[in-house]
Amino acid sequence: MAPVRRILLKLSGEALMGPDSFGYHADTMAGFVGQIREVAAAGVQVGIVVGGGNLFRGATGALSGMNRASADSMGMLATVMNALALKDALQQAGVEARVQTAVSIAHVGEDFERDAAVRHLEAGRVVIFGGGTGNPFFTTDTAAALRAAEIGADLLLKATKVDGVYTADPKKDANAERYETLSFDQAIAGNLGVLDTAAFALCREQKLSLVVFNVFKPGALKRVVMGEDEGTRVTL
């Protein structure tokens, strides 16, 4: 895989809390920021979609009896909070960043607008997309696939805690093997749980390649972007 020009990184809210059970873990955040800064310094344009699970998950709220649409709206606001936290951490590290949100919140971030996002990226700014898709019942995985398609990303990167997609849970099965490559059809048919079905379908339709990798592994993001053997590549 050749080096890419523009990426969309999907970062979960849970990743931001590191070993903690809620909120943000400073050292973990610093590690992510360092990897993003390294890639941006290499000339790669970086867009990020961040989840909200470290603060609130709409699906969990719905299970506790909340209206699902209301719970998802709360989850979208949590992703905006995370986008602001990540923007602040990046800027403190010397990386220029902007927040765009799918839900309009004056004085917090720009409303999402594709052309403006592309201009920021071309100017070397990291753009963090909060608010999911702006609609209930859609995950931030789907938001990541949607934003990646809209900004013309060369690659969608799903940041996880494992080195890629395995034949079985590597924590439970010592014989589990990592896939180096997969097709979207294989991933969907095998119910491998990498992305939700809507996100997979959008990636397949837009011919948008996906790499699943371990973001907690130092330097992994840059190795993926530079086309090295890191993670699992999912494509047509």
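Residues numbered from 1 in each chain as written. Predicted model: local features only at pLDDT ≥ 70, side-chain atom pairs only at ≥ 80, totals over all residues. Heavy atoms only, no water.

Q: Help me understand the sheet that holds strand 1 (residues 6-11) in this model?
A: Pairing between the strands of a sheet comes from backbone hydrogen bonds, and it takes one of two forms, parallel or antiparallel. Strands sit in the order 4-3-5-2-1-6-8-9-7 across an open sheet of nine strands; the sheet is mixed. Two strands in the sheet have a free side with no partner beyond their single neighbour: strand 4 (110-111) and strand 7 (181-183). In the sheet, strand 1 pairs with strand 6 (residues 155-160) via four bridges, with the strands oriented parallel. Bridging across to strand 6, leucine 8 finds its partner in leucine 156. (Pairing = 2+ DSSP bridges. Helix = DSSP H or I, 4+ residues; strand = E, 2+ residues; numbered from the N terminus.)

Q: I'm lost on the layout of surface pockets in this one. Help?
A: Leftover empty space is mapped by rolling, across the atoms, a probe with the size of a water molecule. Estimates place the volume of the largest pocket at around 930 Å³. Lys10, Ser12, Arg57, Asp141 and Lys158 are, among the 42 residues lining the largest pocket, the residues nearest its centre. Elements with a contribution of two residues or more to the lining of the largest pocket: helix 1 (13-16), helix 3 (58-63), helix 4 (68-92), helix 6 (140-151) and strand 6. Among the elements that line the lining of the largest pocket, the one with the most residues is helix 4, at five residues. (1 Å grid on protein atoms, 1.4 Å probe; cavity = no way out; pocket = protein on both sides within 12 Å on 5 of 7 lines; lining within 4 Å. Points joined across faces, edges and corners; volume = space filled by probe spheres on them.)

Q: Hey, could you run me through unusual backbone geometry in this one?
A: Peptide bonds are mostly trans, and most non-glycine residues show a negative phi. Here the phi dihedral of histidine 107 falls at roughly 70 degrees; this positive angle occurs in a residue that is not glycine. One can find histidine 107 in the loop between strand 3 (97-101) and strand 4. With a phi angle near 75 degrees, phenylalanine 137 is a residue other than glycine that sits in the positive phi range. Within the element layout of this structure, phenylalanine 137 appears in the loop between strand 5 (126-130) and helix 6. With relative accessibility at 55%, the residue phenylalanine 137 sits in the exposed group. (Buried < 20%, exposed > 50% of the residue type's maximum accessible area, 1.4 Å probe, protein only.)

Q: Before we go on, may I ask you to explain the pairing of strand 9 (residues 232-235) in this structure?
A: A regular strand places its side chains on the two faces of the sheet in alternate fashion. The two faces of strand 9 differ: Thr232 and Val234 on one face are buried, but Arg233 and Thr235 on the other face are not. In the sheet, strand 8 (residues 210-214) pairs with strand 9 via three bridges, with the strands oriented antiparallel. Across the sheet, valine 212 pairs through a bridge with threonine 232, a residue of strand 9.

So yeah, pure geometry; function would need other evidence.
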